[in-house]
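Secondary and tertiary structure notes
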Amino acid sequence: MTSGVSSDTAFEGSVPRQYDRCLGPLLFKPYAEEVVRRTSHLFPSRILEIAAGTGILTEALARGIPDADIVATDLNPDMLAIARERLSLSGIEVVQADAQQLPFPDKSFDLVVSQFGVMFFPDKAKAHSEARRVLRDSATYMLAIWDTLERNPVSKLIAEAVAAEFPEDPPQFMQRAPFGYADPDRIESDMRAGGFTDVRIETVELTSTVNAKEAALGMCCGSPMTSEIAERGQGAVERAAKAAEVALWHLDGKEAPMSALFVSATK
């Protein structure tokens, strides 16, 4: 039986572009706008984004807080290549960096944000500690973390459809990684272990318009689940994507709910 755990951060090859094109509008842009809405009133002059991926939130921050200097970081060079394309004319600094060992001096930023990245950090407390280190006094740290699969029906339908295609060895990436950290007690414990004492957690529900084909392609061909599905044999990815698309047909062109946990703390 294959576990897929080692591939949970495998955003490489063609995966990042599919992720950006198919999942960006569905999952990430709506929450990026929400992050900007919740931070623009802080008037930050210098922003650090951790696990910036392909730069979807970075672009929103640049539009919504145009006077801020922004540094976007990610560990994955293939994701950052797309971010650099997106941000090439913006003057934003894009840096390959590990969230658990940030290459910045103490007290360098007055806002640190991360959208749907912390779930993938091996040592979450260490990453929080590093974020706290580079924050200026009284500055804000904000994270967006996916809520459970049950509260994200599009992703849940895809996960169920893919599992049904491989009943003897169903891929578990979605339950294990992006939607596997939706425990407020665990999140707060990790934040406190990283040095934050003033921790606030809020459930934020939004909606987005579903394109069944794009959503299926994004999850099955544009996420680390792609390599886990591919382990099931030749044609497995195509089979999974088709099954996921069929499962979403009744939602095609409609608004679907999604849910995330917004975590904020002040140094």
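As a reminder, the structure under discussion sits directly above these lines.
Cut-offs and rules
- Residues numbered from 1 in each chain as written.
- Predicted model: local features only at pLDDT ≥ 70, side-chain atom pairs only at ≥ 80, totals over all residues.
- Heavy atoms only, no water.
- Helix = DSSP H or I, 4+ residues; strand = E, 2+ residues; numbered from the N terminus.
- Rg over C-alpha atoms; globule rule 2.2 N^0.38 Å.
- Buried < 20%, exposed > 50% of the residue type's maximum accessible area, 1.4 Å probe, protein only.
- Areas by Shrake-Rupley, 256 points an atom, 1.4 Å probe, with all protein chains shown as cover.
- Lys, Arg positive; Asp, Glu negative; His and termini not counted.
- Charge placed at Lys NZ, Arg CZ, Asp CG, Glu CD.
- Pairing = 2+ DSSP bridges.
- Axes fitted to C-alpha atoms, helices over the stretch in contact; angles between N-to-C directions.
- Contact = heavy atoms within 4.5 Å.
- Core = buried A, V, L, I, M, F, W, Y, C linked by side-chain atoms within 4.5 Å.
- Right-handed = clockwise from strand over helix to strand, strands pointing away.
- Salt bridge = Lys/Arg side-chain N within 4 Å of Asp/Glu carboxyl O.
- Expected span 1.5 Å × (residues − 1).
- Phe/Tyr/Trp six-rings, centres within 6.5 Å; stacked < 30°, edge-to-face > 60°.
- Polar contact = N/O pair within 3.5 Å; in protein donor to acceptor, adjacent residues only side chain to side chain.
- Left-handed = near helix turned anticlockwise from the far one by under 90°.
- Nonpolar A, V, L, I, M, F, W, Y, C, P; charged D, E, K, R; others polar.

**Description of the overall build of the protein**
Summing up its helical and strand segments, the protein has 10 helices and 7 strands in all. Relative to a compact globule of 267 residues, whose C-alpha radius of gyration would be 18 Å, the protein shows 18 Å and is just as compact. Within the protein, the proportion of its 267 residues that are buried is 57%. Summed over its atoms, the accessible surface of the protein is roughly 11,400 Å², and 50% of this surface lies on carbon and sulfur atoms. One way to put it: in the protein the 27 positive side-chain charges average out to a point 2 Å from where the 39 negative ones average out.

**Concerning the sheet that holds strand 4 (residues 109-115)**
Pairing within the open sheet is mixed, and its 7 strands lie in the order 3-2-1-4-5-7-6. The two strands at the open ends of the sheet, each matched to only one other strand, are strand 3 (93-96) and strand 6 (199-209). Mean inter-strand twist for the sheet, computed between neighbouring axes without regard to direction, equals 20 degrees. Judged from the 4 bridges that link them, strand 1 (residues 46-49) and strand 2 (residues 69-74) form a sheet pairing that is parallel. Looking at strand 2, one finds that R46 is bridged to D69. On top of the sheet, helix 1 (residues 15-39) reaches strand 4, strand 5 (135-146), strand 6 and strand 7 (255-266); it is set at about 135 degrees to strand 6, its chief contact.

**Comments concerning the nonpolar core**
Note on soluble globular proteins: their nonpolar side chains tend to be buried together. Grouped together as the largest cluster of nonpolar side chains are 97 residues, with contacts concentrated most on W146, I158 and C220. At 10 residues, the largest contribution of residues to this core is made by helix 1. Those residues in contact with I158 that lie beyond four places of it in its chain are M174, A215, A216, M219, C220, M225, A244 and L248.

**Some thoughts on the pairing of strand 2**
Of all 6 residues that make up strand 2, 5 are buried, and the element is covered over most of its length. Note on the crossover from strand 1 through helix 2 (residues 56-64) to strand 2: the handedness is right-handed. In this sheet, strand 3 lies alongside strand 2 in parallel orientation, the contact comprising 4 bridges. Bridge pairing links D74 to Q96 in strand 3. Once the chain exits strand 2 it traverses helix 3 (residues 77-86) before rejoining the sheet at strand 3, and the crossover so formed is right-handed.

**Digging into the pattern of salt bridges**
Oppositely charged side chains are able to pair whenever their charged atoms sit close together. Evaluation of the coordinates by the stated rule reveals 22 salt bridges. The residue K107 makes a salt bridge to D137 at a minimum N-O spacing of 3.4 Å. Highlighted residues: K107 in the loop between strand 3 and strand 4 and D137 in strand 5, separated in sequence by 30 residues. Note on K107: relative accessible area 45%, which makes it partly exposed. Between E188 and R192 there is a salt bridge, with its nearest N and O atoms 3.0 Å apart. In this pair, E188 and R192 both sit in helix 7 (residues 184-193), 4 residues apart, roughly one turn of the helix.

**Quick word on helix 10 (residues 236-248)**
With 13 residues, helix 10 should cover 18 Å at 1.5 Å per step; its first-to-last C-alpha distance of 19 Å lies within 8% of that length. Regarding helix 10, the residues found buried are A236, V237, A240, A241, A243, A244, E245 and L248. In the core, the buried residues of helix 10 are packed alongside helix 5 (153-165), helix 8 (212-221) and helix 9 (225-230).

**Some remarks on the packing of aromatic side chains**
As enumerated under the stated definition, the model contains 11 aromatic pairs in all. Aromatic side chains Y31 and W146 sit 5.6 Å apart centroid to centroid with 90 degrees between the ring planes, which places their arrangement in the edge-to-face category. In this pair, Y31 is assigned in helix 1 and W146 in strand 5, connecting sequence segments 115 residues apart. Judged by relative accessible area, which is 3%, W146 ranks as buried. Seen from their ring centres, F104 and F109 are 5.3 Å apart, and the 85 degrees between their planes marks the pair as edge-to-face.

**A closer look at the side chain of R232**
Take R232: it is sitting in the loop between helix 9 and helix 10. Of the polar contacts made by the side chain of R232, one reaches the backbone oxygen of E228; its length is 2.6 Å.

**Some remarks on the packing of helix 8 against helix 10**
When two helices pack together, their arrangement is given by the angle between the helix axes and the distance between those axes. Running from N to C, helix 8 and helix 10 point in directions that differ by 145 degrees, and their axes come no closer than 8 Å. Read as a crossing pair, helix 8 and helix 10 show a hand that is right-handed. Note on element contacts: helix 10 touches helix 8 through V237, A240, A241, A244, E245 and L248, opposite A212, K213, A215, A216, C220 and C221. Broken down by class, the residue content of the contact of helix 8 with helix 10 amounts to 10 nonpolar, no polar and 2 charged.

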